[in-house]
Amino acid sequence: MILPASAALLAGCWLVYTGSFPIMGLRTMEAVRLHKVYGGLSGWWNSAITQLGRLLEPRIPLSEYRQSEYARYLKMARNGRTPKEYFAFLGARVVACGVLGLLLFPIHWAFPLLLGGYGIYLFQSDLSSLKRNYTHRRNQVEMDLPKLCSVINSRLKSTQNVCSILESFIPIASPATRDELTVTVADMKTGSEQGALLRLEQRISSPMVSDVVRGLISVLSGDDQVVYFATKQIQFNSETITRKRKDIRSRPAKLHFPEFLMFGLGLLILLYPLWFGLTDAIGGIL
């Protein structure tokens with residue numbers, strides 16, 4: 001029994017490690033939540049969690065700092081919920097799992113522990129995924145800043161149109177930066193340009209982005225910021241190189257665990273028949 005289970009676990013770890021296993025992303029889950037019409041048991045479950053979340057929402061204790069922090073996370077993930085709605089949804093799912101476990105307690109005493117633990121795991125997993133998505137996208141934006149400063153520096157010699165400068169950078173930007181600049185450019189075309197830049201700064205909440213936004217606001221005021229962006233390009237290049245070196249140093253540690261896991265599972269598969277052969281031999285002697 002342990003041999004096929006070990007082989008299946010080994011194959012699953014390899015699929016996850018290579019990225020071949022289809023894992024739903026935050027945007028996909030949010031799109032499904034907004035547009036998918038569930039029916040049957042799944043629809044009843046989602047409806048019950050939604051109703052329970054609405055009851056829990058007024059009782060969610062969140063400080064102003066936490067609300068502003070998770071509002072940034074949710075905006076970056078393009079999640080339409082407010083922080084209290086999001087925490088109410090996660091809490092409702094934990095409560096629903098716990099109640100379902102209590103209902104199944106007469107069948108086996110382990111159901112409340114298993115389902116309660118599963119609900120807590122989903123709660124922590126969703127929060128970690130939300131923070132990880134925000135950090136990853138912010139890092140992508142920050143890695144693009146040296147290139148953005150270079151484009152701004154070269155374009156400022158011929159134009160002072162900040163909206164046009166940012167729009168010209170969109171085709172060569174990373175996916176995260178492209179999304180943020182697309183929203184910002186559309187915001188600048190329909191409203192205040194300075195307000196759009198400040199909202200970009202609030203969404204990303206990065207000191208490096210704040211430096212760029214301050215420079216662009218000065219350009220809107222008519223100041224000559226060619227030297228400023230040339231200086232920022234050099235500074236951001238240095239910080240980007242330092243960050244890449246740190247990431248390269250941490251890669252061996254990231255690679256050791258999958259290698260150790262595959263070695264352990266392979267060793268388990270080899271030792272399994274040897275163990276039974278040894279126990280049979282000892283039983284024959286005795």
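Everything below is about the structure shown above.
This one's a predicted model, so the numbers in the text were calculated from it and none came from an experiment.

Caption draft 1: Spatial organisation of the overall build of the protein. In terms of regular secondary structure, the protein is built from 11 helices and 0 strands. Its helices and strands in sequence order give the protein the pattern α-α-α-α-α-α-α-α-α-α-α, from N to C terminus. A total of 286 residues make up the protein; the buried ones form 32% of that total. Taking all contacts inside the protein whose residues are at least 6 apart in sequence as the whole, residues at least 24 apart take part in 67%. When the accessible surface of the protein is summed, it comes to about 17800 Å², and 65% of that surface belongs to carbon and sulfur atoms.

Caption draft 2: View of the packing of aromatic side chains. Taken as a whole, this structure holds 6 aromatic pairs when the rule is applied. Ring geometry for Tyr-70 versus Tyr-73: centroids 5.2 Å apart, planes at 85 degrees, classification edge-to-face. With Tyr-70 and Tyr-73 both in helix H4 (residues 64-76), this residue pair falls 3 residues apart, about one helical turn. Here Tyr-70 falls in the buried class, since its relative accessible area comes to 5%. Tyr-73 gets classed as buried once you look at its relative accessible area, which sits at 9%. The positively charged end of Arg-81 is found above the aromatic ring belonging to Phe-89, 4.3 Å away from the centroid.

Caption draft 3: Seen up close, the packing of helix H6 (residues 110-155) against helix H7 (residues 162-169). In the contact formed by H6 and H7, the axes pass within 10 Å of each other and the chain directions differ by 130 degrees. When the interaxial angle is binned, H6 and H7 end up oblique. Handedness of the H6/H7 crossing: right-handed. The segment H6 lies against H7, with Asp-144, Lys-147, Leu-148, Val-151, Ile-152 and Arg-155 engaging Ser-164, Ile-165, Leu-166, Ser-168 and Phe-169. Residue composition of the contact of H6 with H7, grouped by class: 6 nonpolar, 2 polar and 3 charged.

Caption draft 4: Broad picture of the environment of Leu-216. By the secondary structure assignment, Leu-216 is in helix H10 (residues 207-220). On the accessibility criterion, Leu-216 (4% relative accessible area) is buried. Setting aside chain neighbours within four positions, we find Leu-216 in contact with Ile-152, Val-162, Leu-166, Leu-197 and Phe-229.

Caption draft 5: Representation of helix H5 (residues 83-103). Relative to the 30 Å expected for 21 residues at 1.5 Å per residue, H5 spans 30 Å between its end C-alpha atoms, a close match to the ideal helical length. All of the buried residues in H5 are Pro-83, Tyr-86, Phe-87, Ala-88, Leu-90, Gly-91, Ala-92, Arg-93, Ala-96, Cys-97 and Gly-101.

Caption draft 6: Just the pattern of salt bridges, in detail. Under the counting rule described, the total for this entry stands at 10 salt bridges. Here Arg-66 and Glu-69 are joined by a salt bridge, their closest N and O atoms 2.8 Å apart. With a gap of 3 residues between them, Arg-66 and Glu-69 both fall in helix H4, about one helical turn apart. Take Arg-66: its relative accessible area is 37%, and that puts it in the partly exposed class.

Conventions adopted
Residues numbered from 1 in each chain as written. Predicted model: local features only at pLDDT ≥ 70, side-chain atom pairs only at ≥ 80, totals over all residues. Heavy atoms only, no water. Helix = DSSP H or I, 4+ residues; strand = E, 2+ residues; numbered from the N terminus. Buried < 20%, exposed > 50% of the residue type's maximum accessible area, 1.4 Å probe, protein only. Contact = heavy atoms within 4.5 Å. Areas by Shrake-Rupley, 256 points an atom, 1.4 Å probe, with all protein chains shown as cover. Phe/Tyr/Trp six-rings, centres within 6.5 Å; stacked < 30°, edge-to-face > 60°. Lys NZ or Arg CZ within 6 Å of the ring centre and 35° of its normal. Axes fitted to C-alpha atoms, helices over the stretch in contact; angles between N-to-C directions. Parallel < 35°, antiparallel > 145°, perpendicular 65-115°, else oblique. Left-handed = near helix turned anticlockwise from the far one by under 90°. Nonpolar A, V, L, I, M, F, W, Y, C, P; charged D, E, K, R; others polar. Expected span 1.5 Å × (residues − 1). Salt bridge = Lys/Arg side-chain N within 4 Å of Asp/Glu carboxyl O.

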